[in-house]
Amino acid sequence: MRWWFVLVSVLMICGHWSNAQEDEQYRLVPGDIINIVVLNDQSLSGEHVIGPDGFVRLPLVGAIKAAGLTLDELTGKLQQALSRFIRRPRVTVSLKQFPASVRRVYVLGEVKNPGAYQIPPGVVPTILDAVALAGGFTDNADLTQIRVFQRDGQIESFNLREFQTNTAAINPGDLVWVPPAFVKVSIVGAVEKGGIYPVPVRGTLLDALAAAGSVKEPTATIRVFRSGMELLSVPWSELTSGSVPPVKLQEGDTILVSVPTITGVVVAGSVARPSTYDLKGNITVLGALALAGASVEPGKPLQVRVLRQGQEVLKVLWQETSTPVKELAQPLQPGDVVLVEPMVLRATLVGPVRKPGSYLLPVGSTIVDLLAKGEEILPNADLTGAYLLRKGESKPVDILSLLWESEMDVNLELQDGDVLLIPATRKVWVAGAVLRPGAIDYQPRMTVVDAISAAGGPISLDISDLSSVRIVSGNEVKVVNLEEAFKGGSLQTYPLRPGDAVLVPEKAKAYIYGAVLKPGAVRLQEGDTVLTALSNAGGPIVDARLDETRLIRFVNGSAVVMKLDLGKALSRGDLSQAPVMQPGDVLYIPPRRRSQWDITRVIGITTSLATAIYYLSRSR
C-alpha cells in the first residue's frame, strides 16, 4: 500500500512541476538575480539581487518588496513606483539566475536519499515535492509527525495521513524532517533471543526487552550503552517495579542484560549480529568480531573496547587501511563484553553560512567544529535563535555566547545525525553609546540614522563618538561620520540590510573579549598598551591562549587583524607584542580547545562579528 501511495505522489509532483513551468508563475525568493530594464534610462537599469529581507533597491524609489511576487507582478509594482518620477515608465523584468545556495531545500530523516536538493526553476515546492527529490519515504517513516524547520526559525508539523501536506508549500532554505516510527537497538546478554530489534520511538526499555523475549534471570542488571558510554545500570527488579525514570532509547543504543554466570562473551554495538557467543576453546577479540559480523567501511573507523568485570581492559582503533592484529589477537574470558563503536559521525549545518551541508566529523566533535566546516556565518544569520535538531527534538543554541563569551556549556558534543539550524534574521542591531542598545525590527528603507534613532539616539554628544560610527555587514565594515546629521545638518543616506549591526563607539574606548575575567569595554588613556587593557579587563583566565591573541583594528573602514603573543610580552617583556591601543580597537584572547579545532576559521568568524557581538549578547 505504501509503495502505491509514494508512486501516486511522485506522479502528482511531476505533473505539478510541468504545469508550473508551463504557466511560468515562478515567485521570486531572496537571492534571485533579476535584470531590470527601464526604457531610455540606463541609470535605473541593470542587474539586481533580491536581498535577504526580500527587497530590491533602486534609485529614486528605494526598497521595493520583490520576494513572493511573479515577474509580471514585480514589473507592475516598479512601473507604479516609477510613475511618480517618470511619465509612463516602460519596465521589463527578467530572471537571470537561480543561486544554488538559495534554491536549495534539505530533506533529512527517514527518506531514501537524505541531503540537500536544488529546486527546479518555476516550482513552488510542497513537502511531497521535497520528499520525492529525496527518493521517497523509507518503510520506517512516521508520516504523522513530519516537521518543517523554516529559515526564519519557525517550526510547523504536518500529518501526511490526513493529507495536510497537499497545500503545504515550503521555501528555499527550509528543512523537512521525516522522523522514524521505530529505532533499532541491540539487545544482548541473558535474554531469550538477542539481536537487533525495532522499538517504537516512544517505546520504553521494558518494551525493548519484551521484544527480545524478556529477561532470563531475575537477578540480572540492565545496562544501556550509547556512543560507547554507559548511560544506565539498574537491577532488573527495580526496572520492573517502576521506580526507575523512563529512558528514551535512540538509534544504535545497546542494551546488555548482565548476569555473573555468563559463560560466553557478549559482542554489541556496530555489528551485524550482536549477541552472546559461547566460548568453544580459545576465542580472540578478532574471532568474536568475525562471529558478530563486524566490518570496517572506508573512511569510517571503528573503536573496539573490551570490558571485563566492569573494567576496560582494551581500547583500540580499527581502520580499513590498518587492522591492529596484535591487540585484536588477545584471548577473551567468560563474561567479557566487546563493544564496537563508530569513530565518525555525520552532522548537517543549515542556514546562512558560506558552505551549508552534511559533514563527516570525528566522534567527540562539537558545535564549534561543525561551524568551522561552514567557514563563514553570513550577515543575516540569527545567532541567538539557532537550535540543534537531534532525533526530531530541537534544543536552543546561543551561538553568540559560544563564540564570543566562551560559554562552553553551549558547545554541545554532536551525535550522529545531528542538524544545526541557523535561522535568518529580520533585525538590525545597534550597539555602543546609545540609550537603548540591542536588536530592533528592520523596516524597509531603514538607514543608519533611523536605526540609531530607534535605539533612543546617542547617549550624548560628549560621550558618543558620532564621527566614527561603524556599519558592520558581514565581513564589510564602513565607517561614517554622523556628527552633522545629529546636529541638524545634511545627511548622506546609508541604507541598512537585515542582519547589519551599527556600533556607536564611546570616545576613547577599546574592547577586549574572550578568555579574560571581565570582557567588555575598557577606557583608554594616551599611551595605554595591550597589557594595560588586559589588566583593566581583570587579566586572563586560566585557560587563556595568550599566544593566539588577535588585535582587530579598523583602518579606513577595513578590519586589520594582528596576531600577538602576549605570553612573550608578559614573561620576557617583549613590547613588540604589546602595541599601544587605539580607540575602537578590539582585542580577542581565545580559550584553549582540542587539537582538532581549527582556530583560524573560528577567528575568521569572530573577526566578522567583532564590533557587534558583545553588545548584542549584553542587550538580551
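1. Side note on a nonpolar patch on the surface
(1) Moving on: A cluster of nonpolar side chains, contributed by Leu-435, Ile-459 and Ile-463, occupies part of the molecular surface with about 240 Å² of accessible area.
(2) Moving on: Within the fold, Ile-459 resides in the loop between helix H10 (448–454) and strand E28 (469–473).
(3) Moving on: Using a relative accessible area of 35% as the deciding quantity, one classes Ile-459 as partly exposed.

2. Description of the pattern of salt bridges
(1) Moving on: Counting across every chain of the model gives nine salt bridges.
(2) Moving on: A salt bridge links Lys-300 to Glu-297; the shortest N-O distance between them is 3.9 Å.
(3) Moving on: Residue Lys-300 is classed as partly exposed on the basis of its relative accessible area, which comes to 37%.
(4) Moving on: We classify Glu-297 as partly exposed; its relative accessible area is 45%.
(5) Moving on: A salt bridge links Arg-308 to Asp-336, with the nearest nitrogen and oxygen atoms 2.8 Å apart. Here Arg-308, found in strand E18 (residues 302–308), pairs with Asp-336, found in the loop between helix H7 (325–328) and strand E20 (337–342); they are 28 residues apart in sequence, far enough to count as distant.
(6) Moving on: Taking the relative accessible area as the measure of exposure, Asp-336 reaches 1% and is therefore buried.
(7) Moving on: Within this structure, Arg-305, Glu-312 and Glu-341 form a network of salt bridges that share partners.

3. Overview of the sheet that holds strand E17 (residues 275–278)
(1) Moving on: Spatially, E17-E16-E20-E18-E19 is the arrangement adopted by the five strands of the open sheet, whose pairing is mixed. The outermost strands of the open sheet, each flanked by one partner alone, are E17 and strand E19 (311–318). For this sheet the average axis-to-axis angle between neighbouring strands, irrespective of direction, equals 20 degrees.
(2) Moving on: For E18 and E19, the ladder comprises seven bridges, and the chain directions are antiparallel. Within the sheet, the bridge partner assigned to Leu-302 lies in E19 and is Trp-318.

4. Re the environment of Gln-145
(1) Moving on: As for its position among the elements, Gln-145 is in the loop between helix H3 (127–133) and strand E8 (146–149).
(2) Moving on: Once the C-alpha coordinates of Gln-145 and Ser-157 are considered, the two residues, twelve residues apart in sequence, prove to be 6.3 Å apart.
(3) Moving on: Setting aside residues no more than four positions away along its own chain, Gln-145 makes contact with Phe-158, Trp-177, Pro-179 and Arg-202.

5. Focus on the confidence of the model for the protein
(1) Moving on: Mean pLDDT over the protein stands at 78; residues scoring 70 or higher make up 84%.
(2) Moving on: Between residues 1–24, whose pLDDT stays under 50, and residues either more than four places distant or in other chains, the model counts 26 contacts.
(3) Moving on: Confidence drops under pLDDT 50 across residues 609–620; counting only partners more than four residues distant or on other chains, this segment forms 33 contacts.

6. Points about the environment of Gly-335
(1) Moving on: Mapped onto the elements, Gly-335 comes out in the loop between H7 and E20.
(2) Moving on: The sequence separation of Gly-335 and Val-266 amounts to 69 residues, and the corresponding C-alpha distance is 7.2 Å.

7. Quick look at the sheet that holds strand E13 (residues 221–226)
(1) Moving on: Pairing is mixed in the open sheet, where five strands are placed in the order E12-E11-E15-E13-E14. Looking along the sheet, the strands with just one partner apiece sit at the ends: strand E12 (195–200) and strand E14 (229–235). Taking each pair of neighbouring strands and ignoring which way they run, the sheet shows an average axis angle of 25 degrees.
(2) Moving on: As paired elements, strand E11 (residues 182–189) and strand E15 (residues 254–258) share four bridges and run parallel to each other.

8. Things to note about the packing of aromatic side chains
(1) Moving on: Here the structure, examined in full by the defined rule, presents two aromatic pairs.
(2) Moving on: Seen in terms of ring centroids, Phe-149 and Tyr-387 are 5.8 Å apart; in terms of plane orientation they differ by 40 degrees. Their pairing is tilted. Linking Phe-149 in strand E8 with Tyr-387 in strand E23 (residues 386–390), this pair joins segments that are 238 residues apart in sequence. Each of the two residues, Phe-149 as well as Tyr-387, counts as buried.
(3) Moving on: Their ring planes at 25 degrees and their centres at 6.5 Å tell us that Tyr-511 and Tyr-513 sit as a pair that is stacked. This pair shows no difference in class: Tyr-511 is buried, exactly as Tyr-513 is.

What counts and how
Residues numbered from 1 in each chain as written. Predicted model: local features only at pLDDT ≥ 70, side-chain atom pairs only at ≥ 80, totals over all residues. Heavy atoms only, no water. Patch = residues over 30% accessible without salt bridge, like charges linked within 9 Å, V, L, I, M, F, W, Y side chains within 5 Å. Areas by Shrake-Rupley, 256 points an atom, 1.4 Å probe, with all protein chains shown as cover. Salt bridge = Lys/Arg side-chain N within 4 Å of Asp/Glu carboxyl O. Helix = DSSP H or I, 4+ residues; strand = E, 2+ residues; numbered from the N terminus. Buried < 20%, exposed > 50% of the residue type's maximum accessible area, 1.4 Å probe, protein only. Pairing = 2+ DSSP bridges. Axes fitted to C-alpha atoms, helices over the stretch in contact; angles between N-to-C directions. Contact = heavy atoms within 4.5 Å. pLDDT = per-residue confidence, 0-100. Phe/Tyr/Trp six-rings, centres within 6.5 Å; stacked < 30°, edge-to-face > 60°.

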